[in-house]
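Residue strings, one per chain:
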Amino acid sequence: MTVQQNNFSVDTHGYYGDFGGAFIPEMLYPNVKQLQEQYLQIMSDPSFQESFQQLLKDYVGRPTPLFFAERLSQKHGASIYLKREDLCHTGAHKINNTIGQILLAERLGKKRIIAETGAGQHGVATATVCALKGVECIVYMGEKDIERQAPNVARMKMLGAKVVPAVSGSKTLKDATNEAIRDWINNPVDTHYIIGSVVGPHPYPDMVAKFQSVISEEIKKQLIEKTGSPYPTHVIACVGGGSNAAGAFYHFLDDLSVKLVAVEAAGCGIASGMSAATTQLGKPGILHGSKSLLMQTNDGQVIEPHSISAGLDYPGIGPLHAHLFKSGRGTFMSATDEQALQSAFEISRTEGIIPALETAHAFSVLNDIHFEKTDVVVICLSGRGDKDLDTYMKYL
Amino acid sequence: MNRIDSLFKQKKQSVLNVYCTAGYPQLNSMVEVLSSLQENGADIIEIGMPYSDPLADGPVIQQSNMVALENGMSIPVLFEQLKNIRSTIHLPIILMGYMNPILQFGLKNFCEAAAAVGVDGVILPDLPMYEFENDYQPLFDEHGLKFIFLVTPETGEERIRKIDSLCSGFLYAVSSSSTTGNNKAIADQSTYFKRLKEMQLNNPILVGFGIKDKETFQSACQYTNGAIIGSAYIKSLEGSTNIQLSTKEFLNNVLT
C-alpha cells in the first residue's frame, strides 16, 4: 500500500483521515470547545513549556534512558534499544500526559480534576499531579478493576484522591470512562477531565499525543548519540487506547523509512471471543466522543474485550492509530496473554527488567519479525511490572 | 403535515413529551406502553433505542437500557414492533438514541425504516451540529424526519440561534447541565427559560432533564411550550405488573 507523506496530523475538525471528530452531547460543548480553541495556544506558550519541561526533568526524571539490550539484540540479530518509560516517576509513561494536563487545567482556571482508570496507572499519575498542585481529584474506576488492582487503589487514596467505583455496564475501563464523562456533564464549569489515552473527543487524541511525544523526541536525540542517526528501522509499542505508542511514534510519523509496529492484546487468541485486538476485530464506530475502530456487535453495542493486562483491556483504539492501521502506515500485530507472560519472564531474566504486562506484549512480537543485522529497533518499555506481581506470582 | 408540526399548531402550551425505553420493562411491552401514554394525556412519545454506553443518561435510563438489551431489543426488532403502530397510535413519535447503533444499521436504512413505520422525528445527542450539517442533514430532510437539537444553560445566544436554524420539530432545552434524571431544581432555571422565550426562536421549546411531577412540569411550562419526562416515568414502570395502571397513575399525578 502506498502511503502519502505528511498526512498523519489532526485536521482542524479533529480528524485523522476518516477517524476522530468530537461526537459529544451539547452539554459538553462549552468545555470541549474551550479546549479546542486554547490547547495549542497554551501548549506553545514559552512559560507553559518552561514549567512543563522543568517538571518532566526534576519531578518525572526525564530524559529516561535509551538502553541497549545486549542479550536481546544477540538473540534476535539486530540492535535492540529499550526506551525506559518504566523509570518515570509513578512507574509508567502516563505521567508525561498528566503533568501536561494539570498545567493546562491550571491555566484554564479549573479547580477540580476528574479521570478514568483501568489498571490504575493513569489514576495514580493523575492523583500524583493533583497532590503536587493541591487540586481536588476524583478517579473513576470500574468496580471489577478496583477489586483486581487493590495496590493502585491504595496508592491513589494515599495521594489524596477519591476513587469512585463505576458500577454501570460491564464495570471496567469503558464504564469508568462513561462515568467520568457523565461527571464532566454534571460539573460543566470548574472541572477538567484528564483523559489518560489518545482517545475521546477532539482535541484529546492530539493533545495527549503531543504531551507523550517527548518519548520520540528523546529517542531521536539519544539514537544520534548511540548510532549516529536519529532514525531507527523499527519502533515497537503496545496499544490499548494507544498513548505510549502515539508518543513513541510521533516524531517518526512522516519518516516512512521507520516501521511503526503497534502490538494489540490478543487475549486468549484473536478468534477466541476473549480478545482486545481492536484493529482485527473492530469496525468503524463511535465511542467516548470519537469515531474510530470499535469492537462491537452487529447491532452496534460495544463488546467488553478481554486481556490479561487491564491497561490494554479497551474495546476501542485512538483515532490516530485507526488511521495508521487503515492507511498502512502502521504495522499492527498482536500477542496473546500467554505470549505476553512468557515475554515478561524472558525480559526479566535476560535484561533484569520486570516489565508491565502491557509492555510485555510489545516484546512478544520480536519473535514474529524477521530482522536484518543492521536493523535498529526501539521498543517502548512503557511501564514497570510491580503492579502485576500478583499475576506474575501465579507463574513463578 | 408532520405530526409534530400539527401538534404545535394546535397546542402551544403544556405539551407533554414522555420518554420510554424500547424493550423495557419487557421486550414486547412497547405497544402497551405507547397506548397507555396516548390514553392518559401524553402529547408526544419519545422512544429510546437502548445502547450499551448511553453517555448523556443518568442511572435510571442506563439501567432501563441494560434491561432492554438483555431482553433482546435492537433497532431491527424495534422497527418490527413499530410496523403497524400507526393503526393505533396517532401521537407524534420520536426516536432517541446514540449514533453507534445507527451507524451499524446504516443511516440511510434507518431513515427509510423510520419514515416507513411513521416516525416523525429523531434525537441523537451525540451527533454534533458540525457533522449533522456536513454529512447527515439531507437524509433526515428527504425522509420527512424532524431533527431535534439540545441546548443547555451554558449555550451562548449565537450558538442557540445557529442550532435553532438547523433544528426542526422543537428545540430540546436541557434544564441544567447534567445527565438525565438529575435532581437540580427546575425553579432556579426560570431566567434561562425566560431568556429562551425572549429570543423568539423559530422552533417551539420543550424542557427536559429533571422533570418528574406536577410541580416541575408546571414550572418548566411557565415560559416554554412544554416539557419532557423520562427517568421519572421509567422509574414508575420498574417492577410494575400493570403498565396501563402505572402509566395512568403517573400521568394523573403530573397533569391533574
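Residues numbered from 1 in each chain as written. Chains lettered and ligands numbered in written order. Predicted model: local features only at pLDDT ≥ 70, side-chain atom pairs only at ≥ 80, totals over all residues. Heavy atoms only, no water.

**Some points on the overall build of chain B**
Part 1: Regarding its fold elements, chain B presents 12 helices and 9 strands.
Part 2: Based on the C-alpha atoms only, the size of chain B along its principal axes is roughly 45 × 40 × 35 Å.
Part 3: Across the 256 residues that make up chain B, the buried fraction comes to 63%.
Part 4: Sequence separation of 24 or more characterises 74% of the internal contacts of chain B that already satisfy a separation of 6 or more.
Part 5: Surface accessibility of chain B: about 9,900 Å² in total, with carbon and sulfur atoms responsible for 46%.
Part 6: Averaging the positions of the 19 positive and the 27 negative side-chain charges in chain B gives two centres separated by 7 Å. (Helix = DSSP H or I, 4+ residues; strand = E, 2+ residues; numbered from the N terminus. Buried < 20%, exposed > 50% of the residue type's maximum accessible area, 1.4 Å probe, protein only. Contact = heavy atoms within 4.5 Å. Areas by Shrake-Rupley, 256 points an atom, 1.4 Å probe, with all protein chains shown as cover. Lys, Arg positive; Asp, Glu negative; His and termini not counted. Charge placed at Lys NZ, Arg CZ, Asp CG, Glu CD.)

**Here's the deal with the layout of surface pockets**
Part 1: Taken as a whole, the largest pocket spans an internal volume of roughly 490 Å³.
Part 2: Sorting the residues of the lining of the largest pocket by element identifies helix H1 (29-44) of chain A together with helix H7 (129-142) and helix H8 (157-166) of chain B as the ones contributing at least two each.
Part 3: Its residues assigned to classes, the lining of the largest pocket shows 14 nonpolar, 5 polar and 6 charged. (1 Å grid on protein atoms, 1.4 Å probe; cavity = no way out; pocket = protein on both sides within 12 Å on 5 of 7 lines; lining within 4 Å. Points joined across faces, edges and corners; volume = space filled by probe spheres on them. Nonpolar A, V, L, I, M, F, W, Y, C, P; charged D, E, K, R; others polar.)

**A closer look at helix H14 (residues 337-351) of chain A**
The α-helix advances 3.6 residues per turn, and as a result positions three or four apart in sequence lie on the same side.
Residues and elements named next belong to chain A.
Part 1: Taking 1.5 Å of rise per residue, the 15 residues of H14 would be expected to cover 21 Å, and the 21 Å separating its terminal C-alpha atoms lies within 8% of that figure.
Part 2: Among the residues making up H14, those that are buried are Asp337, Ala340, Leu341, Ser343, Ala344, Phe345, Ile347 and Glu351.
Part 3: Phi turns positive, to about 70°, at Gly352, one or two residues after H14. (Expected span 1.5 Å × (residues − 1).)

**Points about the environment of A:Lys171**
Residues and elements named next belong to chain A.
Part 1: Note on placement: Lys171 falls in the loop between strand E7 (162-166) and helix H8 (173-186).
Part 2: Taking the C-alpha atoms as reference, Lys171 lies 25 Å from Leu341; in sequence the two are 170 residues apart.
Part 3: Every residue in contact with Lys171, bar those within four places of it in the chain, is listed here: Gly142, Glu143, Lys144, Asp145 and Ala166.

**A word on the pattern of salt bridges**
Pairing is possible between side chains that carry opposite charge, provided their charged atoms lie close to one another.
Residue and element names in this part refer to chain A.
Part 1: What the rule picks out here adds up to 29 salt bridges over all chains.
Part 2: The partner of Glu85 in a salt bridge is Arg62, and the shortest N-O contact between them spans 2.7 Å. Residue Glu85 is found in the loop between strand E4 (79-84) and helix H4 (94-107), and its partner Arg62 is found in the loop between helix H2 (46-60) and strand E3 (66-68); the two are separated by 23 residues along the sequence. Arg62 matches Glu85 in its accessibility class, with the two residues each being buried.
Part 3: The closest approach of N and O atoms between Asp386 and Arg384, which form a salt bridge, is 3.5 Å.
Part 4: By relative accessible area, which is 47% here, Asp386 ends up partly exposed. (Salt bridge = Lys/Arg side-chain N within 4 Å of Asp/Glu carboxyl O.)

**Some words on the interface of chain B and chain A**
The figure often quoted for interface size is the accessible area lost as the parts come together.
Part 1: At the interface, 38 residues of chain B touch 36 residues of chain A.
Part 2: Across the chain B/chain A interface, buried area totals approximately 2,900 Å², and carbon plus sulfur atoms make up 54% of it.
Part 3: Three residues, B:Asp53, B:Leu55 and B:Gln104, lead the burial of chain B against chain A; their summed loss comes to 21% of the area buried on that side.
Part 4: Inspection of the region where chain B meets chain A yields 2 salt bridges.
Part 5: Applying the counting criterion to the chain B and chain A interface returns 20 residue pairs in polar contact (both at pLDDT 80 or more).
Part 6: Breaking the side of chain B that touches chain A down by element, the ones donating at least two residues are helix H3 (59-71), helix H5 (99-105), H7, strand E6 (150-151) and H8 of chain B.
Part 7: Per-element tally for the side of chain B that touches chain A: the top contributor is H5(B), with 5 residues.
Part 8: Class assignment of the residues belonging to the side of chain B that touches chain A gives a composition of 21 nonpolar, 10 polar and 7 charged. (Buried area = accessible area lost by both parts, 1.4 Å probe. Polar contact = N/O pair within 3.5 Å; in protein donor to acceptor, adjacent residues only side chain to side chain.)

**What to know about the nonpolar core**
Part 1: Residues B:Leu34, B:Ile47, B:Leu82, B:Leu95, B:Phe140 and B:Phe170 are the most contacted members of the largest nonpolar core, which totals 187 residues.
Part 2: Residue contributions to this core reach at least three from each of two domains, namely domain 1 (24-55 + 94-207) and domain 2 (63-92 + 213-393) of chain A.
Part 3: Setting aside its immediate chain neighbours within four residues, B:Leu34 contacts B:Cys20, B:Ile45, B:Ile47, B:Leu82, B:Ile85, B:Ile89 and B:Ile93.
Part 4: Residues A:Ala78, A:Leu82, A:Cys238 and A:Leu381 belong to the second largest nonpolar core, which totals 25 residues. (Core = buried A, V, L, I, M, F, W, Y, C linked by side-chain atoms within 4.5 Å. Domains from an automatic or database assignment.)

**A look at helix H5 (residues 121-133) of chain A**
All names here are of chain A.
Part 1: Helix length check: H5 (13 residues) gives 19 Å between terminal C-alpha atoms against 18 Å at 1.5 Å per residue, within 8%.
Part 2: Most of H5 is tucked away, with 10 of its 13 residues classed as buried.
Part 3: Along H5, the residues that are buried comprise Gln121, His122, Gly123, Val124, Ala125, Thr126, Ala127, Thr128, Val129 and Cys130.
Part 4: Contacts from the buried residues of H5 go to H2, H4, strand E5 (112-117), strand E6 (136-142), helix H7 (150-158) and strand E8 (191-194).
Part 5: Trailing H5 by a residue or two, Gly134 shows a phi angle of about 65°, which is positive.

**Digging into the pairing of E4(A)**
Residues and elements named next belong to chain A.
Part 1: Most of E4 is tucked away: 5 of the 6 residues are buried.
Part 2: In terms of strand pairing, E3 meets E4 through 3 bridges, oriented antiparallel. The residue bridging Phe67 from the neighbouring strand is Leu82, located in E4.
Part 3: Judged from the 6 bridges that link them, E4 and strand E14 (residues 376-381) form a sheet pairing that is parallel. Among the inter-strand pairings, Tyr81 is bridged to a residue of E14, identified as Val378. (Pairing = 2+ DSSP bridges.)

**Focus: a nonpolar patch on the surface**
Part 1: A cluster of nonpolar residues, A:Leu389, A:Met393 and A:Leu396, forms a patch on the protein surface that exposes about 330 Å² of accessible area.
Part 2: With respect to the helices and strands, the residue A:Met393 is situated in helix H16 (residues 389-393). (Patch = residues over 30% accessible without salt bridge, like charges linked within 9 Å, V, L, I, M, F, W, Y side chains within 5 Å.)

**Quick look at empty space enclosed by the protein**
A water-sized probe, rolled over the atoms, reveals where empty space remains.
Residue and element names in this part refer to chain A.
Part 1: A full pass over the atoms with the stated rule returns 6 cavities of 30 Å³ or more.
Part 2: Approximately 430 Å³ is the volume found for the largest cavity.
Part 3: Along the walls of the largest cavity sit 34 residues, with His93, Lys94, Ser243, Gly311 and Leu312 positioned nearest its centre.
Part 4: Mapped onto the lining of the largest cavity, the elements with two or more residues apiece are E5, H5, H8, helix H11 (243-249) and helix H15 (357-364).
Part 5: Each of domain 1 (24-55 + 94-207) and domain 2 (63-92 + 213-393) accounts for three or more of the residues forming the lining of the largest cavity.

**A closer look at the domain arrangement of chain A**
Residues and elements named next belong to chain A.
Part 1: The assigned domain composition of chain A is domain 1 (24-55 + 94-207) and domain 2 (63-92 + 213-393).
Part 2: Contacts between the two partners involve 30 residues from domain 1 and, on the opposite side, 30 residues from domain 2.
Part 3: Approximately 2,200 Å² of surface area, both sides summed, lies buried where domain 1 meets domain 2, with 59% of it carried by carbon and sulfur atoms.
Part 4: The interface formed by domain 1 and domain 2 includes 0 salt bridges.
Part 5: On the surface where domain 1 and domain 2 come into contact, there are 12 residue pairs in polar contact (both at pLDDT 80 or more).
Part 6: Residue assignment for the side of domain 1 that touches domain 2 shows that the elements contributing at least two residues are H4, H5, H7, H8 and helix H9 (204-212).
Part 7: A total of 6 residues in the side of domain 1 that touches domain 2 trace back to one element, the largest contributor, which is H8.
Part 8: Taken together, the residues that form the side of domain 1 that touches domain 2 break down as 11 nonpolar, 13 polar and 6 charged.

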